[in-house]
Each structure stands twice: as structure tokens, then as C-alpha cells.
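Single-letter residue listing:
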Amino acid sequence: MATPLQGGTGLGLELGKKRSLSPKLSTVSEPAQKVHCSLPPPPPDDFDEIMRGAAPPPSPGTAFFRPSVDRGIKYVVVSGGVCSSLGKGVATSSIGALLRGHGLRVTAIKLDPYVNIDAGLMSPYEHGEVFVLDDGGETDLDLGNYERMMFLNLGRSNNITTGKIYDWVIKKERKGDYLGKTVQVVPHITGAIIEWVDRVAKMSTDGSGLPPQICMIELGGTVGDIESMPFIEALRQFKFSLPENSLAWCHCSYIPNMSGQKTKPTQHSVKTLLSLGIQADIVICRSPDPLAEETRKKIGNQCNIHPTRILSAHDVQNLYHVPGILADQHIVGLLNGILKLGDLDVTPSPFVIRDRSLRSLSDWKNFAQRVDRASDAKPVVIAFVGKYNKGGGDAYQSILNALQHAAISQGRKLQLDWVDAADLERPTGKESNSEAQERFRSAEERLQAADGIFVPGGFGDRGFDGKARAAGLAREWKKPYLGVCLGMQVALIQFAKDVLQLHDATSEEVDTKKESRNPVIVYMPEISKETMGANMRLGSRWVEFVNPSTSLVAGLYGGAGRIMERHRHRYEFNIAYKVAMEKKGLIFSGQDESKERMDVIELPASTHPFYVGVQFHPEYKSRPAQPSPPYHGFIAAACGGSALGELLAKSRKRGPHPHWCPFTLDMAGTC
């Protein structure tokens, strides 16, 4: 069944409807003078067949100049110019979400120009959070945007870095795969990029098992940077290895407002792209205010693009409005005109028919309105005890999204009080001055005033004791507490100190001199100490609940006996202390399949309203209208009253949610 798409020119395009152009032929009053020239006769009709047998054998490098690619997938490339942090990831995710809403199967690839193999060892201050995928890939945070907005389940191959490409090519050269050829950026590096993109674009990532029809490609960095040149050249070559109407290029640019909207930076950015052999099809203009019609026409005229293809991506109250903003400017209709989307089959599969996740444009607009209403509601204050707070929201992007998803479901405004973990460490020695004492006192008061206390993961010893103190105060004050990864570990350490009276209890991560006799948290034995990159317990793992009928956390997961969540850690709980802690009331409610690794801790409802620690990272699988169960329970507890009890009853009645089993979209409705 065809899906109607509005064209940007008002033509009322429809998927599956063909258009033909009949150009009028002009006539002239006088016949043109004949020009006589001697031309060779045309080749015979079977010229190709005749020459085929005499053609020279293909060169070993031919495959790198003209790699064979799948010719049935449509591609949408999103690049950026003028400056970084324009929101290319949000634009890519929003376009993909709209195409998905029209019944098309979508996937996404991020091209990152940095030489790192992956994002695993990058500083959160410099690059934002590391987003972990089901297969253990440590990737750029934009892949989190793709998964949340397009409801995908991506793999590490969906994040292509310069480091991965060069590593792959050099290994092939060492094996002798290039037959003695001189290995060069063109054709070998560009050929490797094309081959990788073509291979990954065919992988199903939406849970249907069917190959994608549309592949969204975000080109990281800024057009004109030397780092991204091989990727741009590869995409240029890639376009011409595909049939007509197979690749659309969307370029994001910035329109500053200085006594009016200025177009010069965008003009130069588009011309830089053109100098590299790429004519942008659509320009998405980031600006504080909606794009003026005069500005739109000026950019179109100077950049050789029709004004209807110059789109405004102005500031909005929340990012969930972006799909609606782009849809109102007919971006799907424009892409239909460029890519001939009518050639694709949009007949919904049984999988899509049962799907209840956010899909249609009305779904996104309704959810954006829910976010707006929640922002005007009564706030729920969460003390966020982190160590990368100065890195801004990017350092904890998935956590912030998970907390926001939960707050929206509760109809409350999320208000974070950023508490630096180091400020909760009692000043001693030379650091014990009046200013430090005041920071310490103020930080504790802010914890006391909050509705709930959250402690995220992290690495290193800075702020370690402050996080442990926050976990101890939350237990002592009976204030809702959620600890993730390190947040669970410090809760166990503080429990050992306060309840078991093991005052030297610590983690081997910070006890580098092995001075403590009570290492409550120990280094995982199978993890190598020689290498850091991708050397952790990574990716999705089964978590089994010991007693699903009584466990608070199991109840939040619908009474599931086991779930699958994503991990990222090198240290784990020392099981030698398990029995002693259980005798003092701590419940180890979740564990791995071997029953040797503790993944979930909680205090009984009779002694604490909500005290939960999880070793995994539930934020990575939180989705709009499908909030992560531990975060949802935490926010419900922080809201007070009967919110948590009502959520538990609703979750158990609904039953286990398929999203937290091996990846399946929500078939039972949203929260």
C-alpha cells in the first residue's frame, strides 16, 4: 500500500507513483546551417559482445577503484559545515525516524574521522560519553541518538573510524592481499570505506530480520577538515557506483544572527563541499530563529539549490520537536523526489503491524507535547553525584535521557542538582581550609534537600570516596538511591564500612598499593592488565533474578526471571563478602548465569523506600516512551506518595517487556 508523501514543491508526490517529464521543444525561425564533418561510423550493436573476448584481464586494483556494491539500498548522507556541534546526529536521527514512520526499514552508520579505533579510551570531557552496544562496541554517543530515535539495535561495525579503516587496510597489506601494489589513500583507503559501508548497510538492525531499505550515514567532523577528506572522497566515488536516485546528500550549516541572518558561512561551506565533488541536495540550516524566506532564497541562489530544499532547523523547546519541524518542511517528500522512494516496497510486515513503539509523525508530535507538559509540571529534584560534571550533559548523555524518559512517564519535570563527588570528601590536612569546608557542608545539604540521589559510573580514584559517602547518606537518610556500575560498587563498600564495620573496605581500583585487607571490589580475573582498549566486560549479558516474585527490581521489569542488559566494567563484587552482607539485610537479587557475579543489589521495602544498585548500564536501552525500569522506579520513588507502588503493580500486570530480552521492539504498548 502506497504511503502518501508531500513534496516540497507542492506536487503531492506519492510513493509508488511515477512521474514523467515532457520538455517542450523550442523552434527557430531560420533553419540552422549544415556543418559537414567526417565522423567514424558508429560501432555495431554487438560491439560489446565482440570486444568482450578481447578485453584485457582485470587489474588487481580494479576492485578498489570500482568496488562492487549493493544496488538496492537508498542512502542519505548528513554532513556538517561552518562549525562542530551543529546537531548532525539529531538531524540524522530525526530524518531516519520520519522515514521509518513511512514504513521503510532504516539503519544508520556513523563515520568518525579520528584515528582512534573506537571511543572507549576517550575523555568524557573532550568527546562526551562512550555508548556501548549489544555486541560490546564502544562507540560515539551519536549511535545512542540513532538507537533511541529510530529504535534500532546497532553493532560496532555501524561506527566506522579512520583508525578502524587504516588498521584493516594495513593488516590486509601485511597478509599480501594487495599483490605487491603500492597501497594508497586512493584507491585502497577509499575502497575500504566503500566496502565497509556497503557491507554494514545490508545488516538488519530493527529486529525484523529483514535487510534495510534506507541507510542513514552521518559524516562526523566539519567539511573542509583534512581528517574527513578520505571519507568525502569515498562517498563521492560510492555515489557513482550506485544507480541514479540512490544517494541524497543533506548538509547541515549554521546561520548566525548578527543584525540579521547571515548566509556567508553557509555559502562558503556548500562551495567547499562542491569543490570536493559533492553537490548538496538539501541544506539544513541551524539557527536560533526560523529561517526567513529572504535568507532561504539567498542561500538557494548562491548555492545552486532550489529554495524549497533549504530547510530551517531552528531552536526548539525539546529535541523531540525536530522530526515535526522537518516534516512540516516536507523533507520526506523532497527525499522521495531525489531517491524515488516509490520504488521501495512499504508493505508493512507482521512485525511492524504489532509494533507499538513511537513510529508515526503524530506519535512524535504527541510525545514532544508530553515533554512540554512535563517541563511545566512540579519538579522532581535529583542530586547527580558525578565526577565529569564539568564536561556538560554530553558526558552523561544516555543517563540524562534515561532520567528524562522516566520523569516524562511520571508527568514530572526533571531537575538535576549537579554535585561534584570530590566536594563530598571530607577535607583533611592542607586542603582543610574554610572554602573546602564550606563546599563539603554545602554539598551535603544539597543531597539532603534532593528527592533522590543518583551515582553514575566512572573510572579512577578522584571523587571515589565522595560517591561512597553519597551512597551511605542515602541509606542512612532513607532517601531514594540508584547506583549504576561504580554507583553499585561504592554502595557495597560503604555498606561494608558502616554495617559490617570493615573500616578499610575498598576497591582494588583505588587501592593500588594493596594496603587494605578487605577488598570488597576486585579486578575481574579474565581481564588483561596489559591492555586497556576494549578490555572490559562489555556488551549485553544475561542477568538472572534469584526470586522474581519478591524482588523490587524484577518487579520493575514485569516480574521477569531474567533480562539482558549492557555492561561496561573491569571490577566486580568480591563474593567472599556476600553471606555476611545478606545476614545484615542486603539482598543480592540479580546475578549472572554462573551465579558467581552479582549484578543487582537492593534493600527490602520494609527498611528503605528505594535503595538499588546495578552493575550494568540500563540507560543504554532506555527509549522515548519506554523508560528503563531501574530509572523509572527510581524517579517514581523520588516523586513520593504511591507512584512507585502504582508503577510496580502496572509493571507486574503487564508482564516481562520484550525490549529487555534479546532485542525485540515493544509489541505490548508504551509506558
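So, here's what we can say about the structure.

Criteria and cut-off values
- Residues numbered from 1 in each chain as written.
- Predicted model: local features only at pLDDT ≥ 70, side-chain atom pairs only at ≥ 80, totals over all residues.
- Heavy atoms only, no water.
- Helix = DSSP H or I, 4+ residues; strand = E, 2+ residues; numbered from the N terminus.
- Buried < 20%, exposed > 50% of the residue type's maximum accessible area, 1.4 Å probe, protein only.
- Areas by Shrake-Rupley, 256 points an atom, 1.4 Å probe, with all protein chains shown as cover.
- Axes fitted to C-alpha atoms, helices over the stretch in contact; angles between N-to-C directions.
- Parallel < 35°, antiparallel > 145°, perpendicular 65-115°, else oblique.
- Left-handed = near helix turned anticlockwise from the far one by under 90°.
- Contact = heavy atoms within 4.5 Å.
- Nonpolar A, V, L, I, M, F, W, Y, C, P; charged D, E, K, R; others polar.
- Pairing = 2+ DSSP bridges.
- Expected span 1.5 Å × (residues − 1).
- Salt bridge = Lys/Arg side-chain N within 4 Å of Asp/Glu carboxyl O.
- Patch = residues over 30% accessible without salt bridge, like charges linked within 9 Å, V, L, I, M, F, W, Y side chains within 5 Å.
- Lys, Arg positive; Asp, Glu negative; His and termini not counted.
- Charge placed at Lys NZ, Arg CZ, Asp CG, Glu CD.
- Core = buried A, V, L, I, M, F, W, Y, C linked by side-chain atoms within 4.5 Å.
- Phe/Tyr/Trp six-rings, centres within 6.5 Å; stacked < 30°, edge-to-face > 60°.
- Lys NZ or Arg CZ within 6 Å of the ring centre and 35° of its normal.
- Polar contact = N/O pair within 3.5 Å; in protein donor to acceptor, adjacent residues only side chain to side chain.

Moving on, we come to the overall build of the protein. When its secondary structure is counted, the protein shows 22 helices and 21 strands. Evaluated residue by residue, the protein yields a buried proportion of 55% over its 671 residues. Total accessible area on the protein is roughly 29,900 Å²; 53% of this is exposed by carbon and sulfur atoms.

We now examine the packing of helix 7 (residues 185-201) against helix 8 (residues 229-240). It is at 9 Å that the axes of helix 7 and helix 8 come closest, and there the two elements cross at 70°. Considering their axes alone, helix 7 and helix 8 lie roughly perpendicular with respect to each other. Where helix 7 crosses over helix 8, the two elements pack in a sense that is right-handed. Residue-level inspection shows V185, V186, I189, T190, I193, I194 and V197 of helix 7 in contact with helix 8, the latter providing P230, F231, E233, A234, Q237 and F238. Looking at side-chain class alone, the contact of helix 7 with helix 8 contains 10 nonpolar, two polar and one charged residues.

Across a sheet, paired strands are connected by hydrogen bonds in the backbone, their directions being either parallel or antiparallel. Taken together, seven strands build an open sheet; the order of strands is 5-2-6-1-7-8-9 and the sheet is parallel. The open sheet is flanked by strand 5 (159-161) and strand 9 (310-314), the only strands paired with a single partner. Here the strands of the sheet are splayed against their neighbours by 20° on average, with no regard to which way each runs. Alignment of strand 8 (residues 282-287) against strand 9, held across five bridges, turns out to be parallel. Bridge pairing in strand 9 links C285 to S312. Each of strand 2 (106-112), strand 5 and strand 6 (214-219) touches helix 5 (residues 142-150); the most contacted strand, strand 2, lies at about 170° to it. Packed on one face of the sheet, helix 9 (residues 264-275) meets strand 1 (74-80), strand 7 (247-254) and strand 8 and runs near 145° to strand 7.

The subject of this paragraph is helix 8. With 12 residues, helix 8 should cover 16 Å at 1.5 Å per step; its first-to-last C-alpha distance of 17 Å lies within 8% of that length. Restricting attention to buried positions, one finds in helix 8 the residues P230, F231, I232, A234, L235, Q237 and F238.

Checked against the element boundaries, G144 lands in helix 5. A sequence separation of 253 residues divides G144 from Q397, and the C-alpha atoms of the two residues are 8.6 Å apart.

All right, on to the pattern of salt bridges then. Using the criterion set out here, one finds 28 salt bridges in the structure. The residue E147 makes a salt bridge to R566 at a minimum N-O spacing of 3.1 Å. Taken together, the residues E147 in helix 5 and R566 in strand 17 (residues 562-569) connect sequence positions 419 residues apart. Salt bridges here are not isolated pairs; linked through shared partners, they connect K110, D112, D140 and D142.

Moving on, we get to a positive patch on the surface. A contiguous patch of positive charge, built from K262, K264, K271 and K298, is present on the exposed surface. When you line up the elements, K298 lands in helix 10 (residues 293-303).

Moving on, we come to the sheet that holds strand 12 (residues 452-455). Taking strand neighbours across the sheet as the criterion, the nine strands line up as 11-10-12-13-21-20-19-16-17 in an open arrangement whose pairing is mixed. One side of each edge strand has no neighbouring strand; the edge strands of this open sheet are strand 11 (413-420) and strand 17. Between one strand axis and the next, the sheet turns through 25° on average, direction left out of account. Sheet topology note: the strand 20 (residues 598-602)/strand 21 (residues 611-614) ladder contains three bridges and is antiparallel. Within the sheet, the bridge partner assigned to E602 lies in strand 21 and is V612.

Counting 43 residues, the largest nonpolar core has V385, L447, Y481, L492, V520, F573 and M581 as its most contacted members. Only strand 10 (379-386), helix 16 (434-449), strand 12, helix 17 (464-477), helix 18 (486-498), strand 15 (519-523), strand 18 (571-573) and strand 20 provide two or more residues apiece to this core. Take this core: its biggest share by element is eight residues, from helix 18. Apart from residues no more than four positions distant in its own chain, L492 is found in contact with V520, I521, F573, M581, L586, F588 and I601.

A separate point is the packing of aromatic side chains. Applying the stated rule across the entire model yields 19 aromatic pairs. Ring geometry for Y320 against F367: centres 4.9 Å apart, planes inclined by 90°, an arrangement best described as edge-to-face. Of this pair, Y320 sits in the loop between strand 9 and helix 11 (322-328) while F367 sits in helix 14 (residues 361-375), and the two are 47 residues apart along the sequence. A connected cluster of aromatic rings, assembled from ring pairs, spans Y125, F384, Y388, Y396, W418, F454, F610, Y631 and F634. Its end group placed over the ring of W542, R562 keeps NZ or CZ at 3.7 Å from the ring centre.

What follows deals with unusual backbone geometry. P187 follows V186 through a cis peptide bond whose omega is 20°. Here P187 lies in helix 7. Even without being glycine, Q501 reaches a positive phi, approximately 60°. Unusually for a residue other than glycine, K514 sits at a positive phi of about 55°. Its location among the elements puts K514 in the loop between strand 14 (506-507) and strand 15.

Tracing the sequence through the fold places V490 in helix 18. Distance from V490 to V455, taken between C-alpha atoms, is 9.0 Å for residues 35 residues apart in sequence. Leaving out residues up to four positions away in the same chain, V490 has contacts with V455, F464, K467, A468, A471 and Y481.

Once that is clear, we can look at the side chain of T205. With respect to the helices and strands, T205 occurs in the loop between helix 7 and strand 6. Owing to a relative accessible area of 5%, T205 belongs among the buried residues under this scheme. At a separation of 3.1 Å, a polar atom in the side chain of T205 contacts the side chain of T107.

Spanning 12 residues, helix 22 (residues 643-654) covers 16 Å between terminal C-alpha atoms, matching the ideal 16 Å at 1.5 Å per step. Where the residues of helix 22 are buried, they touch helix 19 (552-556) and helix 21 (629-639). G655 occupies a position one or two residues after helix 22 and carries a positive phi of about 95°.

Our focus in this paragraph is the packing of helix 16 against helix 17. Helix-helix packing is described using two parameters, namely the angle between the two axes and the distance between the axes. Packing of helix 16 against helix 17 brings their axes to within 11 Å, and their N-to-C directions diverge by 45°. In this view, helix 16 runs oblique relative to helix 17, as classed from their interaxial angle. The chirality of how helix 16 crosses helix 17 is right-handed. Here F440, E444, L447 and Q448 of helix 16 come into contact with helix 17, specifically with R469, A470, L473 and W477. Partitioned by chemical class, the residues of the contact of helix 16 with helix 17 number five nonpolar, one polar and two charged.

By themselves, these are just geometric observations and shouldn't be taken as functional.
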